[in-house]
Amino acid sequence: MLTIPLLDPTLVNPSIGWRLAFGLGAVLAVGVLLVRRNVPESPRWLFIHGREREGDRIVAEIEEQVRAEEGELPEPSGTITVRQRRSIGIGLIARSVFTLYPRRTMLCFALFIGQAFLYNAFFFTYGDTLTTFLGVKQTGWYIAVFAASNFLGAVLLSRLFDTVGRVRMISGTYLISGILLAITGVILGSLTAVTLTLCGAVIFFFASAGASSAYLTVSEIFPMETRALCIAFFYAVGTAAGGITGPLLFGSLIQNASDSGDITKIAVGYFIGAALMIVGGFVEAIFGVKAERQSLEDLANAIERGRRARERRDCLQGVVGCSG
């Protein structure tokens, strides 16, 4: 919302306004640093990296606070084996996910690349579409509506990922947003600035929850020792695919549309983003993990049991050599 007055040339000099708007990102970053100082480190991360005493202290503080508010806690049950490491390199992460968990790797790539292309397909071309073809002079209020729908979708739909289930909600949000973007591409030539913005708001009401779930998925479906770097790895690959290829592709589509005066040429980008998002939805439906209402420790045990079961099956079928 703050960018609206800053980018209004009648209120702020354009040569200054965009710099101030850009600087808002740095202000937010400082806020994150201040908040981070008061957020305890993950006890799981501390234990994995050989700092179990710090992890025990944090858990004890949390348990003490809960006891004071809710009463005595039940005794913990179950065990898990974790190999402690000082650090885990990105090369080891890449080798591990490709060799030990190929299906889940394909799932995460599909989710990250799908959401990256969907967002770039619409948002990268959105401002130019409004100003070049639909006669909009100030895009701030339109982008504010778009941003609000992103926020509301993630907030209002988030609870359903635990109640309805991960697989149903992730695949559903991906498929719905992909289909809606494809429909928007078909009718793009008949849309106005208002109706295009409304289409985008509906699409990203669902897409924002789906895109957020890509990070949720990676943080849950790999062994505990690798989760943090797995998020970084898949985010980097997905962003590279959507963030490097996307602007080149969608920039050329905008240029072609501007040269010809035909807004429908932008729809090609919509169709590509929609197709990749729909593929992500189907891959989630096939390979998704029902991780709702399970602890990370239980999921880690299930991951390892599943991997060993697949190895035994492949061994018996003669797909790989048997050991032990």
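Thresholds, definitions, all that
Residues numbered from 1 in each chain as written. Predicted model: local features only at pLDDT ≥ 70, side-chain atom pairs only at ≥ 80, totals over all residues. Heavy atoms only, no water. Helix = DSSP H or I, 4+ residues; strand = E, 2+ residues; numbered from the N terminus. Buried < 20%, exposed > 50% of the residue type's maximum accessible area, 1.4 Å probe, protein only. Contact = heavy atoms within 4.5 Å. Areas by Shrake-Rupley, 256 points an atom, 1.4 Å probe, with all protein chains shown as cover. pLDDT = per-residue confidence, 0-100. Polar contact = N/O pair within 3.5 Å; in protein donor to acceptor, adjacent residues only side chain to side chain. Expected span 1.5 Å × (residues − 1). Core = buried A, V, L, I, M, F, W, Y, C linked by side-chain atoms within 4.5 Å. Salt bridge = Lys/Arg side-chain N within 4 Å of Asp/Glu carboxyl O.

### Digging into the overall build of the protein chain
Step number 1: A count of helical and extended segments in the protein chain gives 13 helices and 0 strands.
Step number 2: Buried residues in the protein chain amount to 36% of all 324 residues.
Step number 3: Of all intrachain contacts in the protein chain linking residues separated by at least 6 positions in sequence, the fraction that spans at least 24 positions is 78%.
Step number 4: Carbon and sulfur atoms make up 63% of the accessible area of the protein chain, which amounts to about 18,300 Å² in all.

### As for the confidence of the model for the protein chain
Step number 1: For the protein chain, per-residue confidence averages 82 on the pLDDT scale, and residues scoring 70 or more make up 89% of the total.
Step number 2: The secondary-structure element of the protein chain with the lowest mean pLDDT is helix α13 (residues 296–316), recorded at 61, while helix α9 (residues 166–186) shows the highest, at 94.

### A few points about the side chain of T173
Step number 1: Within the fold, T173 resides in helix α9.
Step number 2: A polar contact is formed between the side chain of T173 and the backbone oxygen of M169, at a distance of 2.8 Å.
Step number 3: Reaching out from T173, the side chain makes a polar contact with the backbone oxygen of I170 at a distance of 3.0 Å.
Step number 4: Not counting chain neighbours up to four residues away, the residues in contact with T173 comprise L157, F161, F206, A209 and G210.

### Digging into helix α12 (residues 267–287)
Because an α-helix completes one turn every 3.6 residues, residues spaced three or four positions apart along the sequence face the same direction.
Step number 1: An ideal rise of 1.5 Å per residue puts 30 Å on 21 residues; α12 measures up with 30 Å between its terminal C-alpha atoms.
Step number 2: Restricting attention to buried positions, one finds in α12 the residues A267, G269, Y270, G273, A274, M277, G280, G281, V283 and E284.

### Concerning the nonpolar core
Step number 1: Core analysis: the biggest nonpolar cluster contains 52 residues, and F122, L181, L188, L196, F222 and F234 have the highest contact counts within it.
Step number 2: Within the residue set of this core, elements represented by two or more residues are α5 (90–100), α6 (102–133), α7 (140–157), α9, α10 (193–220), α11 (227–260) and α12.
Step number 3: The biggest single contributor to this core is α6, with 12 residues.
Step number 4: Aside from chain neighbours lying at most four places away, what touches F122 is F146, L181, L196, G200, F204 and Y270.

### Digging into the pattern of salt bridges
Step number 1: Summed over the entire model, instances satisfying the criterion amount to 6 salt bridges.
Step number 2: Where E61 meets R57, a salt bridge forms, and the shortest distance between an N and an O atom there is 3.2 Å. Residue E61 and its partner R57 are both found in helix α4 (residues 52–70); the two are separated by 4 residues, about one turn of the helix.
Step number 3: A relative accessible area of 46% means that R57 is categorised as partly exposed.
Step number 4: Between R166 and D162 there is a salt bridge whose closest N-O contact spans 2.7 Å.
Step number 5: Overall, the relative accessible area of 8% leaves R166 in the buried class.
Step number 6: Residue D162 is classed as partly exposed on the basis of its relative accessible area, which comes to 34%.
Step number 7: One network of salt bridges, in which partners are shared, links E63, E64, R67 and E72.

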